[in-house]
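Letter by letter, the chains look like this.
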Amino acid sequence: MAEQKTTQALLTPEELEPATSLARRVLEAMDTILLGQHELHRMVLVGILSRGHILLEGMPGVGKTAMINALGQLMSLQFQRVQFTPDLMPGDIVGSSILREEDGGKRQMVFEPGPIFTNILLADEINRASPKTQSAMLEAMQEHRVTTLGTTRDLPFPFFVLASQNPVDLEGTYPLPEAQLDRFLFKLQVGQPGPGVLEDILTSRRRGQPPVPEAIVDPAGIELLFSAMDRIFLPRPVASYIARLVSCTLPTDDAAPADFKTYVSYGASPRAAIAIGESARANALIAGRPTAGFEDVRAVAPAVLNHRIILNHQARFDNVDSLQLVARLLDAVDASGLDLPSGIEVSS
């Protein structure tokens with residue numbers, strides 16, 4: 001895909017509408033498959049449009065696998081699922097070379113691709129695998145390629161990792177290292193459905209089986225969505241707001257809120273600013289706006305920042321989590337940069 005040009009004209013309503021309509025159709029279809037998770041579905045679609053990887057955290061049985069499988073079918077993308085376990089080896093994911101006998105008795109080493117050679121890889125319960133196996137995902141997530149026995153092979157386009165993990169206080173889990181967490185665009189919480197949603201599931205779905213999704217997006221549709229994404233404009237005042245938000249996550253920054261100086265050991269990296277910018281564009285696309293605004297930044301910032309802020313022991317002692325800190329950050333940092341009185345908001 002071509003890089004966005006600063007001189008490129010804004011999308012006209014006629015150019016934007018087909019992409020927005022297609023994205024909303026996918027979102028509506030996801031809502032009919034997994035009930036009661038509209039906000040989660042919107043953020044997952046924002047992540048896909050941003051061409052980023054997503055980490056889903058939640059208890060088993062809340063529909064993470066069903067949602068990702070349905071997303072692949074709705075967007076006509078190949079889907080593979082890998083159940084991460086303590087004995088899973090890197091070769092089980094990326095593939096390995098095996099000795100194969102050809103016609104005539106000749107033997108040669110042949111590479112057998114692993115499940116990572118797909119469009120959407122569900123890394124189920126990724127924090128149950130050993131750190132060695134987790135690290136095998138790093139090159140694939142960052143470079144969209146894998147190297148085995150000195151040979152580098154490109155992964156299919158597009159390529160996304162949607163990983164799920166159980167809360168780390170459950171037995172038999174290995175918390176993901178910060179370097180790997182930073183490669184996920186979003187970390188999203190998958191909550192339990194409420195009583196009303198459970199009632200709908202019980203009365204409308206035998207054995208909890210969701211309806212079979214039908215493809216909505218074909219390869220031309222994917223190209224349409226990504227091309228529209230590349231032309232969503234990010235104004236300089238919005239970019240300045242993103243830069244100030246990320247800088248204020250650093251406890252050493254003079255402008256950092258007091259809570260960050262007290263509870264944060266390490267703040268977000270520049271990759272977080274890039275992630276907010278891209279996902280704000282995707283949020284604007286779904287909303288039908290050709291320009292990303294302050295409201296788009298506020299919508300995606302918690303999912304981008306919550307796993308990139310490293311808390312200290314004082315935060316754990318005071319029962320403060322990263323999402324609480326991000327909410328305070330969004331309240332503390334003025335979007336306009338003009339230090340306006342409280343209660344006055346500036347729209348983009």
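Look a little higher up for the structure.
Residues numbered from 1 in each chain as written. Predicted model: local features only at pLDDT ≥ 70, side-chain atom pairs only at ≥ 80, totals over all residues. Heavy atoms only, no water.

A closer look at the overall build of the protein
Helix and strand content of the protein: 15 helices and 11 strands. The C-alpha atoms of the protein give 22 Å as radius of gyration, which agrees with the globular expectation for 348 residues (20 Å, within 12%). Seen along its three principal axes, the alpha-carbon backbone of the protein occupies a region of about 80 × 50 × 50 Å. A buried classification covers 47% of the 348 residues belonging to the protein. For the protein, the share of sequence-separated contacts (at least 6 apart) that also reach a separation of at least 24 residues comes to 75%. For the protein, the exposed surface amounts to about 17,100 Å²; the carbon and sulfur share of it is 53%. (Helix = DSSP H or I, 4+ residues; strand = E, 2+ residues; numbered from the N terminus. Rg over C-alpha atoms; globule rule 2.2 N^0.38 Å. Buried < 20%, exposed > 50% of the residue type's maximum accessible area, 1.4 Å probe, protein only. Contact = heavy atoms within 4.5 Å. Areas by Shrake-Rupley, 256 points an atom, 1.4 Å probe, with all protein chains shown as cover.)

A look at the pairing of strand E5 (residues 120-124)
In regular strands, side chains alternate between the two faces of the sheet. Counted residue by residue, E5 has five buried out of five residues, so it is predominantly covered. Both faces of E5 are covered, namely the face carrying Ile120, Leu122 and Asp124 and the face carrying Leu121 and Ala123. Alignment of strand E2 (residues 79-83) against E5, held across five bridges, turns out to be parallel. In the strand pairing of E5, Gln80 is matched with Leu121. Where E5 and strand E8 (residues 160-165) come together, four bridges link them in parallel fashion. Considered in E8, the bridge of Leu121 is made with Val161. (Pairing = 2+ DSSP bridges.)

Notes on the pairing of strand E3 (residues 95-101)
Here E3 runs beside strand E4 (residues 107-113); their pairing, made up of seven bridges, is antiparallel. What sits directly across from Leu99, in E4, is Met109.

Digging into the nonpolar core
One finds Val44, Leu56, Phe186, Leu188, Ile276 and Leu305 to be the most contacted residues of the largest nonpolar core, which totals 81 residues. With nine residues, the top contributor of residues to this core is helix H1 (residues 13-33). If you look at the next biggest cluster of nonpolar residues, it comprises 24 residues, including Phe117, Ala129, Leu176 and Phe184. (Core = buried A, V, L, I, M, F, W, Y, C linked by side-chain atoms within 4.5 Å.)

Some words on the pattern of salt bridges
All told, the structure shown has 13 salt bridges when counted by the stated rule. Residues joined by salt bridges that share partners form a network here, namely Asp182, Arg271 and Arg308. (Salt bridge = Lys/Arg side-chain N within 4 Å of Asp/Glu carboxyl O.)

A closer look at the sheet that holds E8
One open sheet holds the five strands; their spatial order is E2-E5-E8-E1-E9, and the pairing between them is parallel. Each of the sheet's edge strands pairs with one partner strand only, and the pair in question is E2 and strand E9 (186-189). On average, each strand axis in the sheet is inclined to that of its neighbour by 20°, with strand direction left out of account. (Axes fitted to C-alpha atoms, helices over the stretch in contact; angles between N-to-C directions.)

Some words on the environment of Ser265
Here Ser265 is to be found in strand E10 (residues 264-266). Each C-alpha atom, one on Ser265 and one on Leu250, is 8.1 Å from the other, the two residues being 15 residues apart in sequence. Discounting chain neighbours no more than four positions away, the residues touching Ser265 are Pro251, Ile310, Leu311 and Asn312.

Structural measurements only, silent on function.
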